[in-house]
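Structural overview
Take a look at the letters that make up each chain.
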Amino acid sequence: MSLEDKLEIILITYNRKNQLLRTLNQIFSIDSPIKDLKITILDNKSSDGTYELVERYKKYFPNICHVAHNHNIGGNANIARAFEI
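One structure accompanies this document, and this report is about it. (Residues numbered from 1 in each chain as written. Predicted model: local features only at pLDDT ≥ 70, side-chain atom pairs only at ≥ 80, totals over all residues. Heavy atoms only, no water.)

Let us now look at unusual backbone geometry. Of note, Asn 15 is a non-glycine position whose phi angle comes to about 50°, a positive value. When you line up the elements, Asn 15 lands in the loop between strand E1 (8-13) and helix H2 (17-27). Here Asn 15 falls in the partly exposed class, since its relative accessible area comes to 29%. The phi dihedral of Lys 45 falls on the positive side, at around 60°, and the residue is not glycine. Counting through the fold element by element, Lys 45 comes out in the loop between strand E2 (38-43) and helix H3 (50-60). Judged by its relative accessible area of 46%, Lys 45 is partly exposed. (Helix = DSSP H or I, 4+ residues; strand = E, 2+ residues; numbered from the N terminus. Buried < 20%, exposed > 50% of the residue type's maximum accessible area, 1.4 Å probe, protein only.)

Structurally, Thr 40 can be placed in strand E2. A relative accessible area of 2% means that Thr 40 is categorised as buried. A polar side-chain atom of Thr 40 sits 2.6 Å from a polar atom in the side chain of Glu 8. Sequence-distant contacts of Thr 40, that is, excluding residues within four places in its chain, are made with Glu 8, Ile 9, Ile 10, Leu 11, Cys 65, Val 67 and Ile 85. (Polar contact = N/O pair within 3.5 Å; in protein donor to acceptor, adjacent residues only side chain to side chain. Contact = heavy atoms within 4.5 Å.)

Keep in mind that these numbers describe shape and distance, not what the molecule does.
In structure tokens, the structure reads:
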């Protein structure tokens, strides 16, 4: 069984575009052992350009799943969504 079959990365975010950019750059670096894993990003209705950043990355990395909530569901609810997934 491969690592891709065992592990998925789920990132939760709200108005942390710069921190998310740093994280995505690390995940998708050439020598990253996790760059091919499924990456799910739960965006809590950010207003700082996070949506556009993730959509740009999705064009190059099809293993990204972007869940952009229609409204801010709150930090705890976003964490609960991560556990549900």
